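Structural overview for review
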Number of protein chains: 2
Amino acid sequence: MEPSIDSGASLRRGVRESAPTLNVRLSDADAIPFPTRTVERGDALYCAGEPLRSLYTVQSGCFKTVATYPSTDDDSAPHTQVTGFHFANETLGLDGVCTSRHESDAVALETSVVRIMPVGILEPLCREYAAMQHELLAIMSAEIVRASRLALMLGTMPARERVAAFLLDFSERLEAGAASELLLPMTRADIGSYLGLELETVSRMLSKLQREGAIGLNGRQVRIVDRAMLAHH
Amino acid sequence: MEPSIDSGASLRRGVRESAPTLNVRLSDADAIPFPTRTVERGDALYCAGEPLRSLYTVQSGCFKTVATYPSTDDDSAPHTQVTGFHFANETLGLDGVCTSRHESDAVALETSVVRIMPVGILEPLCREYAAMQHELLAIMSAEIVRASRLALMLGTMPARERVAAFLLDFSERLEAGAASELLLPMTRADIGSYLGLELETVSRMLSKLQREGAIGLNGRQVRIVDRAMLAHH
DNA sequence: CGCCACTTTGAGGCGCTTCAACAAACGTGG
DNA sequence: CCACGTTTGTTGAAGCGCCTCAAAGTGGCG
C-alpha cells in the first residue's frame, strides 16, 4: 500500500479539525521526509525498556502492544497482557514519552510499514506549529481515553459483551470504516489477553454470537450480521 | 495548605528532570498567576460532556474521576466506573483534550483546592517554552501508562492482589511518600468500582489482609504492617 | 504428508457476585 | 442531647460465570 495523503481526514475518531493557524499537522507529516520501516509478522518494532527514540505511525498492517509487568511478585510468572491493537493511521510509542523508555513491546501481527518520527525532531516541530502541537496533544489524550475505556470494559462487562464490543470497535477502526466483513489479524489468545479473558472463553463467546445470529464465523473471518444485536446486550 | 513552590520536585513519579533549556515548566506554574478554586466534598469540579476550558492541578485534597458509559446498551443501567483517584500535584482533565470536552466527572472526595490552567493559555505557553511542552507531554504519557496499568490489573489480577496493589499505590502517591499510616478518603464502593470488584469483595479482602497480618485496619484507617506481604503474593 | 500452531468443545471447580442481615458512624431536627 | 434516618462497612450463604484441564478437530506450511 502506498502512503496516502490523508490531508483531510483526521488521524483518529474524535480529533477535531485543526485551528485556522498555520496548517501543518501530524496528519500532513507525509510532507516531511520521515523515513519508513518495514516490520515482518511476529517481529518487534520496539521492546519495553528500550530508550524512546521515535514515535511511529502505522502506514499499513497491524500491531499489538504487549505490557509485561513484574506483577506484585518476584519469582512467579510475570503478568503480561495485550494492551492494544494498532491499525493504519494510528500512532505507536506514546506511552514511552514520560520515562523516555518504551513501556511495552510492539509486535507486528502481519508485515507492516511504519513512518518513523524521531522525538527530537517532533517536539521542536510542535513548538513551531500550533496545529501540530495541538494534534499531538489530541492524539495522546485520545490514547488516555482509549486506555480508560479498556479499563472500564475490563471492570464492568461480562465476557459476551466484551467480545461483542471488541468486534464493533475493530470494524469501526478499519480504514474502510464500519466494514461488516472482518479478517482478524490476531489469535484468540491475543484477543483474550486484551479483553482479560481466556482464549477458550473468547472462542465460546464467538460461537455463541454465531448461534444467536449476530455474526457469521469462519476461523478468523467474521461477518457482522446484526450490529444492533452486538451493541444492545 | 498554601501553594508550595515545588520547583525541584517533578510533578509525577517517572517524570524526568527537564532538559537544560529555558527552565519554565508546569511545576513552576506557581510563578504564573493561575487562579485557584475550592471544591467542597461531593461536588464536581467538572462533568462529562462539558466543554474543556482548563486543566486542573490538585493543590490539596483528593478527587475521583468517574466515567459514565452508555454501555453497549440503550435502556438498561449505563456502565459507570471510577477511572482514577487524584491527589496533590496531579493533573485533572487530560482525557478531554482530544474531543475538547470532558470525558468523565471529577468529584472531590474531600474539600479540595485546584489550580486552574486554561488550555487557551497553556498551549501557547508550551510553544514558547520547550521544557514546559515536554513536561505536558510527559504528564499525558504518564496518564496513558497509568490507565494501561489499571487495565492490566483489571485483566489479570485476582481480587486480593488488586486490593493489595491499590494500597501500595496509594501509599506511594501520598505527599509524605510511602507512608505506612493511611487514611482512605474514598468509600469501599469507590475502591471496588476502581478495581472492578464489588464493595463486599473489597471489604472481605481488606479483612483477609488484616487477618494475615499484612495490614492494620480500622474503618478507613489503614496501617501497612508488612509491605513485602502485600507486594509478593 | 506430517508437524505445529491455532481453534473448538466439554466437564468440573473456584472466585467473585448476589442477596441478605446486621453493626457502626454520621448528620439532622426535634 | 438523644432519637432517628441515612450512609457506610462487615460478614454469611448460595449461585453463576469464567477458568482450568483435557481432548479432538482444523488449517497452514515446510
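Keep in mind that what you see is a predicted model, and the values were worked out from it rather than measured.

**With respect to the side chain of Ser141(B)**
Among the structural elements, Ser141(B) can be located in helix H2 (residues 130–156). For Ser141(B), a relative accessible area of 0% puts it in the buried group. Once you skip the residues sitting within four places of it in the chain, Ser141(B) turns out to touch Leu94(A), Asp95(A), Gly96(A), Val97(A), Cys98(A) and Met140(A).

**Details of the relation of the copies chain A and chain B**
Turning chain A through 180° and shifting it by 0.0 Å along the axis lays it on chain B, with an RMSD of 0.0 Å. Taken together, the rotation angle and the small translation identify this as a two-fold axis. Counting the interface residues of chain A, we find that 100% of their copies in chain B are interface residues as well, pointing to one common contact surface.

**A word on the interface of chain A and chain B**
Each side of the interface is counted separately: chain A has 53 residues, and chain B has 54 residues. Summing both partners gives a buried area of about 4,800 Å² for chain A against chain B, and 60% of it is carried by carbon and sulfur. Our count for the contact surface shared by chain A and chain B stands at 2 salt bridges. Between Arg149(B) and Glu103(A) there is a salt bridge whose closest N-O contact spans 3.3 Å. Summed over the shared surface of chain A and chain B, the number is 17 residue pairs in polar contact (both at pLDDT 80 or more). Every element with two or more residues in the side of chain A that touches chain B is listed here: strand E4 (63–69), strand E5 (79–86), helix H1 (119–128), helix H2 (130–156), helix H3 (159–173) and helix H6 (227–231) of chain A. Element by element, the count of residues in the side of chain A that touches chain B is highest for H2(A), at 21 residues. Across the side of chain A that touches chain B, the residue classes tally to 25 nonpolar, 17 polar and 11 charged.

**Some words on the sheet that holds strand E1 (residues 36–39) of chain B**
The strands that make up a sheet pair up through hydrogen bonds in the backbone, lying either parallel or antiparallel. Residue and element names in this part refer to chain B. Here we have 4 strands laid out as an open sheet, ordered E1-E8-E3-E6, and antiparallel in their pairing. In this open sheet, the two strands that pair with only one neighbour each are E1 and strand E6 (91–92). Summarising the sheet, strand E3 (residues 54–60) and E6 pair through 2 bridges and their orientation is antiparallel. Looking at the pairing, Tyr-56 lines up with Leu-92 of E6. Its contacts with the sheet put helix H1 (residues 119–128) on E3 and strand E8 (112–118), and the angle it makes with E8 is roughly 60°.

**Brief notes about the protein's contact with DNA strand C**
As a structural note, the neighbourhood of DNA strand C is formed by 18 residues, with Arg188(A), Ser203(A), Ser207(A), Ala159(B) and Thr201(B) the closest of them. The sugar-phosphate portion of DNA strand C accounts for 63% of its atoms within 4 Å of the protein, the bases making up the rest. Between a phosphate oxygen of DNA strand C and a side-chain N or O atom of Ser203(A), the distance comes to 2.7 Å. Within the side chain of Ser207(A), an N or O atom sits 2.6 Å from a phosphate oxygen of DNA strand C. Those elements that place two or more of their residues in the surface near DNA strand C are helix H5 (199–211) of chain A together with helix H5 (199–211) of chain B. Broken down by element, the residue count for the surface near DNA strand C peaks at 5 residues, all from H5(A). Each residue belonging to the surface near DNA strand C can be placed in one class, and the counts come to 6 nonpolar, 5 polar and 7 charged.

**Looking at the pairing of E4(A)**
Residues and elements named next belong to chain A. Of all 7 residues making up E4, 5 are buried, and the element is well covered by its neighbours. Strand direction decides the pairing type here: E4 and E5, joined by 7 bridges, are antiparallel. The partner of Thr-65 across the bridge, within E5, is Gly-84. Pairing between E4 and strand E7 (residues 105–108): 4 bridges, direction antiparallel. Paired with Phe-63 across the two strands is Ala-108, which belongs to E7.

**Examining the environment of Arg127(B)**
Topologically, Arg127(B) is positioned in helix H1. Look at Arg127(B) and you get partly exposed, because its relative accessible area is 29%. Discounting chain neighbours no more than four positions away, the residues touching Arg127(B) are Cys126(A), Arg127(A), Glu128(A), Tyr129(A), Ala130(A) and Gln133(A). Only 2.9 Å separates the side chain of Arg127(B) from the backbone oxygen of Glu128(A), close enough to count as a polar contact.

**Here we look at unusual backbone geometry**
Residues and elements named next belong to chain A. Look at Asn-89: it is not a glycine, yet its phi comes out positive at around 75°. Inspection of the secondary structure puts Asn-89 in the loop between E5 and strand E6 (91–92). Given the relative accessible area of 24%, Asn-89 is considered partly exposed.

**Some thoughts on the protein's contact with DNA strand D**
Neighbouring DNA strand D are 17 residues; Ala159(A), Thr201(A), Arg188(B), Arg204(B) and Ser207(B) lie closest to it. Here the atoms of DNA strand D within 4 Å of the protein split so that 62% fall in sugar or phosphate, with bases taking the remainder. Arg204(A) has a polar side-chain atom sitting 3.0 Å from a base oxygen of DNA strand D. Between DNA strand D and Arg188(B) there is a distance of 2.7 Å, counted from a phosphate oxygen to a side-chain nitrogen or oxygen. Per element, the largest residue contribution to the surface near DNA strand D is 5 residues, and it comes from H5(B). Tallied by class, the residues present in the surface near DNA strand D amount to 5 nonpolar, 5 polar and 7 charged.

Cut-off values and rules
- Residues numbered from 1 in each chain as written.
- Chains lettered and ligands numbered in written order.
- Predicted model: local features only at pLDDT ≥ 70, side-chain atom pairs only at ≥ 80, totals over all residues.
- Heavy atoms only, no water.
- Helix = DSSP H or I, 4+ residues; strand = E, 2+ residues; numbered from the N terminus.
- Buried < 20%, exposed > 50% of the residue type's maximum accessible area, 1.4 Å probe, protein only.
- Contact = heavy atoms within 4.5 Å.
- Least-squares fit on C-alpha atoms with pLDDT ≥ 70 in both.
- Buried area = accessible area lost by both parts, 1.4 Å probe.
- Salt bridge = Lys/Arg side-chain N within 4 Å of Asp/Glu carboxyl O.
- Polar contact = N/O pair within 3.5 Å; in protein donor to acceptor, adjacent residues only side chain to side chain.
- Nonpolar A, V, L, I, M, F, W, Y, C, P; charged D, E, K, R; others polar.
- Pairing = 2+ DSSP bridges.
- Axes fitted to C-alpha atoms, helices over the stretch in contact; angles between N-to-C directions.
- Near = heavy atom within 4 Å.

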